[in-house]
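Observations on the three-dimensional arrangement
Listed below, chain by chain, are the residues.
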Amino acid sequence: MIKWSIKIWSLLSLQNHLRQRPYLTFEPVTLPTTFLFPAKFIQSYVKFGGDQQIATILSSIHKGSLTPSSISYSKLLSQCIASKSVSSGMEVHAHVVRFGLSEDRNVRNHLVNLYSKCRCFGYARKLVEESTEPDLVSWSALISGYAQNGLGKEAIWAFHEMHLLGVKCNEFTFPSVLKACSVTKDLGLGKQVHGIVVVTGFEFDVFVANTLIVLYAKCEEFRDSRRLFYAIPEQGVVSWNALLSSYVQCGFCGEALDLFQEMVLNGISPNEFSLSSILSACSGLGNGGQGKKMHGYLVKLGYDYDPFSANALVDMYAKVGDIEDAIIVFEEIAQPDIVSWNAVIAGCVFHGNHDWALKLFGQMRRSETRPNMFTLSSALKACAGMGLKELGRQLHSRLIKMDTESDLFVGVGLVDMYSKCHMMHEARMVFNLMPNKDLIAYNAVISGHSHNGEDMEAVSLFAEMHKEGIGFNQTTLCTVLKSTASLEAINVSRQLHALSVKFGFHSDIYVINSILDAYGKCSHLDDATRTFEECPIGDLVAFTSMITAYSQYGQGEEALKLYLQMHDMGIKPDPFVCSSLLNACANLSAYEQGKQVHVHALKFGFMSDVFAGNSIVNMYTKCGSIDDADRAFSEIPERGIVSWSAMIGGLAQHGHGKRALQLFNQMLKDDVSPNHITLVSVLCACNHGGLVSEAREYFDSMRELFGIEPTQEHYACMIDLLGRAGKLDEAMELVNTMPFEANASVWGALLGAARIHKNVHLGRHAAEMLLTLEPEKSGTHVLLANIYASAGMWENVAKVRRLMKDSMVKKEPGMSWIEVKDKVYTFIVGDRSHSRSKEIYAKLDELAALMNKAGYVPMVEIDLHDLEQSEKERLLFHHSEKLAVAFGLIATPPGVPIRVKKNLRICIDCHTAFKFICKIVSREIIVRDINRFHHFKGEKKDRNRERHRDRDRIHDFENERGTEQDYEKSGSRERDDHERDRGRGGRERDRDRRRRPKKPRGFGFVQFVDPADAADAKYHMVGQILLGRELTVVFAEENRKKPAGVTNWERSIYCRECLPSVDATLIETFHNA
């Protein structure tokens, strides 16, 4: 073989690419000009002098002052190996070549060992290959270097070559080969090596046996590992440590604790390495209590001052979250090394104490301990957590000086830091400069793009990554699905779903939840529901995703049903679920359901959560209870801008403009700056209150006072306000001076103003612009047709309707909802599908008669159909909101407010009618239409109980808000009509009147009906009685003993609600005709 020779300059030129380790410098010692150094003196001299003394000795040899020998060079190389000083080792190697000692086996073995330990495998390999005779020590050093540096495959290949050369292994080679099998987890090859070990008789060597134990344990063959362990004749602490560390490294921390107890019971005293492994097990379990016990055991055995044990303690306390104890233990270390600093800094970062981590990093630099790449990676994470861009840049420059940019771990840390500091350009530059990009690097960049709202870049990078065959994991899928959800890219979401199924991620709960979220945000609820039903295990996140999707897309009832299913499964809700449920109730105007969810929030202790508190305020405002919303707002502990905006917007929607402005001023006094949503609510409050000058002031000053540029929404509010106030020219001027093109909301506001003021020209112009922007919306056609109809331009009305027909645009039907007893009922105009339609229309007829007497006149002019006036009146009185209110009157107890929601604006006639109805029935009526809430309140009446007696034994009855005036005006006429229907004559009617009390408060009339209509067999319904203004069904009980004092028992009238206590609720006894 060709002998290896190399020039000194070529060796020295490689120094910049190899790792170096600094050492304290000593003053150079002047050597005699002629002195033969003994080898032991060289060893001790170099040991305390370091690299500088090695250079001095080599200089003396070069000048001829010292005589070179293989032993001297071997000692120098041993010191270089101990200090891993590759530069000094190369100088020694150059001297060896120069003086012809490169063929010396001992020197060559030391050189191979040096280059292997310093990761210069090219040089080490060349030395081994150029050796004239295969040498076991050289091959063992090379294999050991590969294995210790994590290069398991290379170590195995070297072993294979050595085996082909006929070089037999010894007890020092086998541990390195077996360690390489552990690193690669190649159990098959490990078993083959195990066979060679048995054949060669080294299976009982303690080092070989321990390595075999580790091999089987790391390949998760714990039964074989334990069998080998118990086969060792003398199980020393080293063997126990090997098994303990293997369990901990494989994540079986509980089993490691059990094994430690077994070790102690067997009388084996643990050393610092045993305790360090058990402390790592406590860290893995997050068991701080057990860790403290181990701490006490460590102190008892006297290892508390051992640096290795102290570092393990700091790491344990830091990982279990006990940062204060970690710092206390750290401060007790006399001379903390780099491992100590890294443990405490990494622990602070892991638990979010970024400021503590950076303070410790500063102390470390002042202590003159040089940080390594792990320290700087932790500092980078702290900078990312606190958004410290400049400090992050400084750390990056420090890493460049350390020549660690090519390190993958450092590169990922830099990408993460720049991404979280919103510097994606720099993050992408770091990523592009990385020589070897793996899955973790791609995940970091994709996550950065997604986190910074650059969703298209995230999806594109995933496509590029998939094309290059890098592969992906559940983290990649979850991040990309989040971006597709933000983009509402349903096709890409479906492709990702297919990929997850294809590659076996469809059962991963995190991926499933991301798919649910993507389908929900893409408004494909059918796909989301199917995926949810196919999910094997539904957790809280999955239920939250589905409930949120149902809530956001108008399927509030499904959201409430799903919550009940979740409750039955025993899954405890969190504030996000409650927030989504409250939003569902708000969209449904489901007041009673909302109150129940509020109770759940109280029960589970979510009232201190700002999201839940804001959702409660929003729910009550949208369900029409502004008083409840005000009370919930006052209970929010820390009110942010969302809380204030919700309450201000709620007051505005309920028509309390001045209160909304007062609350806005209070918010400013509390030093809470408004956002653009708050100012939209303020302008809406001015709009509903007709406060034109105040609105102008806020609109003109929002840029100067609050630094907020007016958006389309602000302009739309202002234009709507001016239009409603009749300032159409000023509104149009504002449209023309807008800094951007007007959108549909602006033109819609103008169209609405044109309809109110019957401005045909403006209405036509606004409608034309709207039809260009939103041709599919039916509201534009309807409003324009109404404007033409109000002006008598019937030909234009026909054209608009023809245009709607040709464009296949259908008018959205008016619908109203009301919630009664946890159920939501829906009505449309003229609806007779309800099971109680007869009662509803009877109630409407009754209300119509009473309203006409009170002065109500139907506003038939708003019905623009070409019909007779009587037909128009009938249609007007059968509007969906009137049907809902009538049902509320017959289906809810007296005095309960009636809450109705409508999908369109409430018509003017219904608005007028409800003013009369609320006074007639003494009920509060709350109607929520598409724009705002309308409150109608009747006069409050006294509820006094009076007892009346007459010769027919009239017993106790309640005064149900009836008045004497009501009785005089309506009761007598209705009673006369009833008696006329019964066929009585005038004398009988006079006799009946004389027998009745003159003014019995509470009774209006009694109308008898067919007993077959009774629902219960025990009671038969004999009539309906008007108590005050409420028509109540009453019953008589059959086969009952006659009460004392009652003469004619044939027909006894009872209140329906009080049937269980019939004796106490006897109202009046009627006689048969």
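Please read all numbers here as calculations on a predicted model, not as lab measurements.

Calculation notes
Residues numbered from 1 in each chain as written. Predicted model: local features only at pLDDT ≥ 70, side-chain atom pairs only at ≥ 80, totals over all residues. Heavy atoms only, no water. Helix = DSSP H or I, 4+ residues; strand = E, 2+ residues; numbered from the N terminus. Buried < 20%, exposed > 50% of the residue type's maximum accessible area, 1.4 Å probe, protein only. Contact = heavy atoms within 4.5 Å. Areas by Shrake-Rupley, 256 points an atom, 1.4 Å probe, with all protein chains shown as cover. Salt bridge = Lys/Arg side-chain N within 4 Å of Asp/Glu carboxyl O. Pairing = 2+ DSSP bridges. Axes fitted to C-alpha atoms, helices over the stretch in contact; angles between N-to-C directions. Parallel < 35°, antiparallel > 145°, perpendicular 65-115°, else oblique. Left-handed = near helix turned anticlockwise from the far one by under 90°. Nonpolar A, V, L, I, M, F, W, Y, C, P; charged D, E, K, R; others polar. UniProt positions renumbered as here; feature names shortened; annotations may be inferred. Core = buried A, V, L, I, M, F, W, Y, C linked by side-chain atoms within 4.5 Å. Phe/Tyr/Trp six-rings, centres within 6.5 Å; stacked < 30°, edge-to-face > 60°. Lys NZ or Arg CZ within 6 Å of the ring centre and 35° of its normal. Polar contact = N/O pair within 3.5 Å; in protein donor to acceptor, adjacent residues only side chain to side chain. pLDDT = per-residue confidence, 0-100. Expected span 1.5 Å × (residues − 1). Arc of directions from axis to C-beta. Disulfide = S-S within 2.5 Å.

A separate point is the overall build of the protein chain. Check the secondary structure of the protein chain and you find 53 helices and ten strands. Counting the 1073 residues in the protein chain, one finds 49% classified as buried. In the protein chain, the share of contacts with a sequence separation of at least 24, taken over all contacts with a separation of at least 6, comes to 61%. Here the protein chain has roughly 54,200 Å² of accessible surface; of this, 52% comes from carbon and sulfur atoms.

Inspection of every chain in the model, using the stated rule, returns 20 salt bridges. Here Asp-527 makes a salt bridge to Arg-530, at a shortest N to O gap of 2.4 Å. With Asp-527 and Arg-530 both in helix α31 (residues 525-534) and three residues apart, this pair spans about one turn of that helix. Between Glu-881 and Lys-902 there is a salt bridge, with the nearest N and O atoms lying 2.9 Å from each other. Placement of the pair is Glu-881 in helix α50 (residues 880-891) and Lys-902 in strand β3 (residues 898-902), with a sequence separation of 21 residues. A cluster of three or more residues bridged by salt bridges with shared partners is formed by Lys-292, Asp-322 and Asp-325.

Even without being a glycine, Lys-185 presents a positive backbone phi close to 55°. Inspection of the secondary structure assignment puts Lys-185 in the loop between α10 (173-184) and α11 (187-200). Even without being a glycine, Asp-671 presents a positive backbone phi close to 60°.

Attention shifts here to the pairing of strand β5 (residues 933-936). As paired strands, strand β4 (residues 925-928) and β5 are joined by four bridges and run antiparallel to one another. Bridge assignment links Val-927 to a residue of β5, and that residue is His-934. Hairpin connection, β4 to β5: the antiparallel pair is bridged by four residues.

A few words on the packing of helix α44 (residues 744-757) against helix α45 (residues 760-773). Two quantities define a packed helix pair, namely the angle between the axes and the distance from one axis to the other. The contact between α44 and α45 brings their axes to 8 Å, and the two run at 150°. One finds that α44 runs roughly antiparallel with respect to α45. Relative to α45, the crossing made by α44 is left-handed. Note on element contacts: α45 touches α44 through Leu-762, Gly-763, His-765, Ala-766, Ala-767, Met-769, Leu-770 and Leu-773, opposite Ala-744, Trp-747, Gly-748, Leu-750, Leu-751 and Ala-754. Split by residue class, the contact of α44 with α45 holds eleven nonpolar, three polar and no charged.

The feature "repeat: PPR" (unreviewed entry), as given by UniProt, occupies residues 135-169, 236-270, 337-371, 438-472, 539-573 and 640-674 in the numbering adopted here. The span residues 438-472 is 74% helical and 0% strand by assignment, and the distance between its end C-alpha atoms comes to 10 Å.

Further remarks concern the sheet that holds β4. A sheet is described by the order of its strands in space; here five strands give the open sequence β2-β1-β3-β4-β5, paired in mixed fashion. The open sheet has two edge strands, β2 (823-828) and β5, and neither has a second partner. Taking the axes of each pair of neighbouring strands and ignoring which way they run, one obtains an average angle of 20° across the sheet.

Below, the discussion takes up the nonpolar core. The biggest cluster of nonpolar side chains holds 198 residues, and the ones touching the most others in it are Ile-719 and Leu-750. Look past the residues within four positions of Ile-719 in its chain and what remains in contact with it is Ala-731, Leu-734, Val-735, Met-738, Val-746, Ala-749 and Leu-750. Counting 48 residues, the second-largest nonpolar core is a separate cluster that includes Leu-77, Ile-81, Leu-114 and Ile-143.

Moving on: the packing of aromatic side chains. On inspection of all chains with the given rule, the structure shows 25 aromatic pairs. Look at Phe-229 and Trp-240: their rings are 4.7 Å apart centre to centre, the planes differ by 75°, and that puts the pair in the edge-to-face class. In this pair, Phe-229 sits in helix α13 (residues 222-231) while Trp-240 sits in helix α14 (residues 237-249), placing the two residues eleven residues apart along the sequence. For the pair shown, Phe-229 and Trp-240 are each scored as buried. Cluster of aromatic residues (ring-pair linked, three or more members): Phe-462, Phe-472, Phe-503 and Phe-505. Note that Arg-832 overlies the ring of Tyr-841, its terminal NZ or CZ placed 3.8 Å from the centroid. In this structure, Lys-901 is placed above the aromatic ring of Trp-817, and the distance from its NZ or CZ to the ring centre is 5.5 Å.

Within the secondary structure, Ser-283 is located in helix α16 (residues 272-285). Judged by relative accessible area, which is 11%, Ser-283 ranks as buried. Those residues in contact with Ser-283, other than ones at most four positions away along the chain, are Asp-315, Met-316, Lys-319 and Val-320.

One can find His-449 in helix α26 (residues 439-451). Measuring from C-alpha to C-alpha, the distance between His-449 and Arg-428 comes to 9.4 Å, with 21 residues separating the pair along the chain. Not counting residues up to four positions away in its chain, the partners in contact with His-449 are Met-424, Arg-428, Glu-454, Asp-455, Glu-457, Ala-458 and Leu-461. A distance of 2.7 Å separates a polar atom in the side chain of His-449 from a polar atom in the side chain of Glu-454.

On to the confidence of the model for the protein chain. It should be kept in mind that the predicted coordinates are not to be read in detail where pLDDT is low. Per-residue confidence for the protein chain gives a mean pLDDT of 75, with 79% of residues at or over 70. Across the protein chain, the secondary-structure element scoring lowest on mean pLDDT is helix α1 (residues 8-12), at 30, and the one scoring highest is helix α28 (residues 474-487), at 92. Counting interchain partners and residues more than four positions distant, the pLDDT-below-50 stretch residues 1-50 has 70 contacts.

Turning next to the side chain of Lys-882. Summarising the element assignment, Lys-882 is placed in helix α50. The exposure class assigned to Lys-882 is buried, which follows from its relative accessible area of 2%. There is a polar contact of 2.9 Å between the side chain of Lys-882 and the side chain of Asp-909. In contact with Lys-882, other than residues within four places in its own chain, are Leu-844, Leu-876, Phe-877, Asp-909, Cys-910, Ala-913 and Phe-914.

A word on α45. Side chains three or four residues apart in an α-helix point the same way, a direct result of the helix having 3.6 residues per turn. Taking 1.5 Å as the rise per residue, α45 with 14 residues should run 20 Å; its terminal C-alpha atoms sit 20 Å apart, in good agreement. Within the span of α45, buried status applies to Val-760, Leu-762, Gly-763, Ala-766, Ala-767 and Leu-770. Taken end-on, α45 shows its buried residues confined to a sector of 155°, consistent with a single buried face. Turned more than 90 degrees away from the buried face of α45 sit His-761 and Thr-772, all of them exposed. Taken together, the buried residues of α45 touch α43 (728-736), α44 and α46 (778-790). Of the residues that open α45, the one with a side-chain oxygen 3.4 Å from the backbone nitrogen of His-761 is Asn-759.

In contact at an axis separation of 11 Å, α50 and helix α51 (residues 908-921) are set at 15° when each is read in the N-to-C sense. In terms of orientation, α50 and α51 fall into the roughly parallel class. Here the hand of the crossing between α50 and α51 comes out right-handed. For the pair formed by α50 and α51, the contact residues are Glu-881, Lys-882, Val-885 and Leu-889 on the first element and Asp-909, Cys-910, Ala-913, Phe-914, Ile-917 and Val-921 on the second.

Let us look at the state of the cysteines. One pass over the full model with this rule turns up zero disulfides. Among the cysteines around Cys-282, which has no disulfide bond, Cys-253 carries the closest sulfur, lying 8.6 Å off. We classify Cys-282 as buried; its relative accessible area is 0%.

Below, the discussion takes up the pairing of strand β1 (residues 815-820). Sheet topology places β1 next to β2; six bridges connect them, and they run antiparallel. From the neighbouring strand, Glu-819 faces β2, where its bridge partner is Val-824. What sits between the antiparallel neighbours β1 and β2 is a turn of two residues, in which Lys-821 has the positive phi angle 55°. The sheet contact formed by β1 and β3 spans three bridges and is antiparallel. When the bridges of β3 are listed, Ser-816 appears paired with Lys-902.

Glancing now at the side chain of Ser-580. Tracing the chain through its elements places Ser-580 in helix α34 (residues 575-588). Classification of Ser-580 as buried rests on a relative accessible area of 7%. Among residues more than four places away in sequence, those in contact with Ser-580 are Ile-547, Thr-548 and Ser-551.

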